[in-house]
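Single-letter residue listing:
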Amino acid sequence: AVQLTPRRWLNLQEYQSKKIMADHGVTVQRFFVADSANDALEAAQRLKAKEIVLKAQILAGGRGKGVFNSGLKGGVHLTKDPKIVEQLAKQMIGYNLSTKQTPKNGVTVKKVMVAEALNISRETYFAILMDRACNGPVMVGSPRGGVDIEEVAVTSPELIFKEEIDIFEGIKDHQALQMAKNLGFKGPLQQQAADQIKKLYNLFLKIDATQVEVNPFGETPEGQVVCFDAKINFDDNAEFRQKEIFAMDDKSENEPIENEAAKYDLKYIGLDGNIACFVNGAGLAMATCDIISLNGGKPANFLDLGGGVKEAQVYQAFKLLTADPKVEAILVNIFGGIVNCAIIANGITKACQELELKVPLVVRLEGTNVQEAQRILNESGLPITSASDLEDAAKKAVASVAKK
């Protein structure tokens, strides 16, 4: 049987999300994408806009307050002069932008978005998301946009409006119009906002989104309703029918080891410690990291095998962990529910023999077929330290590093 593991890791650049919306009839700012200063100049000239906004394209937030290693401050700039766009692009493209959400050295900017700058006379918030409590999609809106919606929910809960959508019948005209009224749109703008809301719902369904969040969903002094900024989350299990969208996935900002791990359906996050964590399940991985820290150690990574484990994955996981020069010990913590511990044990022994493991290895196995797994490890003749429980495993792993 084929086992499907839910994943939530597709990230799109801002310009990609805007293009998807534009392709589905949603009103966004006119824009072009450039990967050189000369292209940025040409894009600015082609826009023929009164004012232009230049945005560095990276996946991290906080771009406006970021700093480039070229010396330029800010990843978002406004100007009326296309030549200034060219000058700014020269200091952006090819340089690293550091924000509160990037690694210390920042992320290299490879593209910039050159867009028409529009004045916003009023900002609102609008989102469509899948809600398990409602067994389907829900619209959420507020006349208070341009700020964190969580803050509005705490300080002014009466300004948060929710509307469930019957997934079989779809969004009704009166529902879209009522939400537009709740968001404070008046006159002709009310119908225009309702039309945009319906288009956003159609987009939500067509691309298998789990969330489409528009903040701000605003209006201009000229009387136009525009989606100024949006975040789209996707159901990664729908990748087989959303190949075009998933082909946009930009993994260039990931650590190379994360991309290598993803090839084998391994979830890897590097940390700054020296004890590698080899675990099945995100919750167990976090608990393992915590208990290592509580016992005086430092986790070197978060590596989640997931549920559908095969021997080859175990081998590749060990290969990744042993390639990290920071790793001085490996702690394997497996709880076998749907995972067969014997498969893990076979993968461990094969990896230890073929990779000539040179760091201490502590293994704690529990659950399905654990007796057979223990027999495989015990008869392997390998220097593997067994642990009775997670606390015992953490103490032994930390002690093995301390001995060094």
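Residues numbered from 1 in each chain as written. Predicted model: local features only at pLDDT ≥ 70, side-chain atom pairs only at ≥ 80, totals over all residues. Heavy atoms only, no water.

- Per an unreviewed UniProt entry, the recorded name for the protein chain is Succinate-CoA ligase subunit beta, and the organism is Indicator maculatus.
- Quoted verbatim from the Subunit (unreviewed entry) field of the UniProt record, the comment on the protein chain reads "Heterodimer of an alpha and a beta subunit. The beta subunit determines specificity for GTP."
- As stated in UniProt under Pathway (unreviewed entry), the record for the protein chain gives "Carbohydrate metabolism; tricarboxylic acid cycle; succinate from succinyl-CoA (ligase route): step 1/1." (UniProt positions renumbered as here; feature names shortened; annotations may be inferred.)

## Quick notes on the overall build of the protein chain
And step 1. Within the protein chain, the secondary structure is distributed over 13 helices and 19 strands.
And step 2. Considering only C-alpha atoms, the protein chain reaches an extent of 80 × 50 × 40 Å along its principal axes.
And step 3. Taking all 404 residues of the protein chain together, 48% fall into the buried category.
And step 4. Here the contacts in the protein chain between residues at least 6 apart in sequence split such that 68% fall between residues at least 24 apart.
And step 5. Total accessible area computed for the protein chain in this model is approximately 20100 Å², and 50% of it derives from carbon and sulfur atoms. (Helix = DSSP H or I, 4+ residues; strand = E, 2+ residues; numbered from the N terminus. Buried < 20%, exposed > 50% of the residue type's maximum accessible area, 1.4 Å probe, protein only. Contact = heavy atoms within 4.5 Å. Areas by Shrake-Rupley, 256 points an atom, 1.4 Å probe, with all protein chains shown as cover.)

## What about the pairing of strand β17 (residues 329–336)?
And step 1. Buried residues dominate β17, accounting for 7 of its 8 residues.
And step 2. Sheet analysis places strand β15 (residues 275–279) next to β17, joined by 5 bridges and oriented parallel. Residue pairing for β17: alanine 276 is matched across the bridge by isoleucine 330.
And step 3. Here 7 bridges tie β17 to strand β18 (residues 361–367), and the two strands are oriented parallel to one another. Following the sheet pairing, isoleucine 330 is matched in β18 by leucine 361. (Pairing = 2+ DSSP bridges.)

## With respect to helix α2 (residues 37–47)
And step 1. Those residues of α2 lying buried are Ala37, Ala40, Leu41, Ala43, Ala44 and Leu47. The buried residues of α2 occupy an angular sector of 165° when the element is viewed end-on, so they sit on one face.
And step 2. Residues of α2 that are buried make contact with β1 (31–34), β2 (52–56), α3 (82–90) and β7 (112–116).
And step 3. Count one or two residues on from α2 and you reach lysine 48, which has phi positive near 50°. (Arc of directions from axis to C-beta.)

## Some points on the packing of helix α10 (residues 311–322) against helix α11 (residues 341–355)
And step 1. At their nearest, the axes of α10 and α11 sit 8 Å apart, and the two run at 45° to each other. One element, α10, and the other, α11, form an angle in the oblique class. The element α10 and its partner α11 pack so that their crossing is right-handed. Residues Glu311, Val314, Tyr315, Phe318, Lys319 and Thr322 of α10 lie in contact with α11, whose contacting residues are Ile343, Ile344, Asn346, Gly347, Ile348, Ala351, Glu354 and Leu355. (Axes fitted to C-alpha atoms, helices over the stretch in contact; angles between N-to-C directions. Parallel < 35°, antiparallel > 145°, perpendicular 65-115°, else oblique. Left-handed = near helix turned anticlockwise from the far one by under 90°.)

## Details of unusual backbone geometry
And step 1. With an omega of 10°, the peptide bond between asparagine 215 and proline 216 qualifies as cis.
And step 2. Among the structural elements, proline 216 can be located in strand β11 (residues 209–219).
And step 3. Within the chain, asparagine 135 stands out as a residue other than glycine whose phi angle is a positive 55°.
And step 4. Within the secondary structure, asparagine 135 sits in the loop between β8 (122–131) and β9 (136–142).
And step 5. Asparagine 135 gets classed as exposed once you look at its relative accessible area, which sits at 67%.

## Examining the environment of valine 140
And step 1. Looking at the secondary structure, you find valine 140 in strand β9.
And step 2. For valine 140, a relative accessible area of 13% translates into the label buried.

## Digging into the environment of aspartate 249
And step 1. Inspection of the secondary structure puts aspartate 249 in the loop between α7 (243–246) and α8 (256–262).
And step 2. If we ignore the near neighbours within four places in the chain, the residues touching aspartate 249 are Leu10, Asn11 and Leu12.

## A word on the pairing of β9
And step 1. Counting buried positions along β9 gives 7 out of 7 residues, so the element sits mostly inside the fold.
And step 2. Here 7 bridges tie β8 to β9, and the two strands are oriented antiparallel to one another. Opposite leucine 129, over in β9, you have valine 138 as the bridge partner.
And step 3. Between β8 and β9, which pair antiparallel one after the other, the connecting turn spans 4 residues, and asparagine 135 there sits at a positive phi close to 55°.
And step 4. Here 4 bridges tie β9 to strand β10 (residues 161–164), and the two strands are oriented antiparallel to one another. Bridge pairing in β10 links valine 138 to glutamate 164.

## With respect to the sheet that holds β1
And step 1. Taken together, 4 strands build an open sheet; the order of strands is β1-β7-β2-β4 and the sheet is antiparallel. The sheet terminates laterally at β1 and β4 (76–79), the two strands that pair on one side only. Going across the sheet, the axis of each strand differs from the next one's by a mean of 20°, ignoring polarity.
And step 2. For β1 and β7, the ladder comprises 4 bridges, and the chain directions are antiparallel. Bridge assignment links alanine 34 to a residue of β7, and that residue is valine 112.
And step 3. Against the sheet, helix α1 (residues 14–23) contacts β1, β2 and β7, and its axis sits at roughly 140° relative to β1.
And step 4. Along the sheet, α3 contacts β2, β4 and β7; its crossing angle with β2, the most-contacted strand, is approximately 10°.

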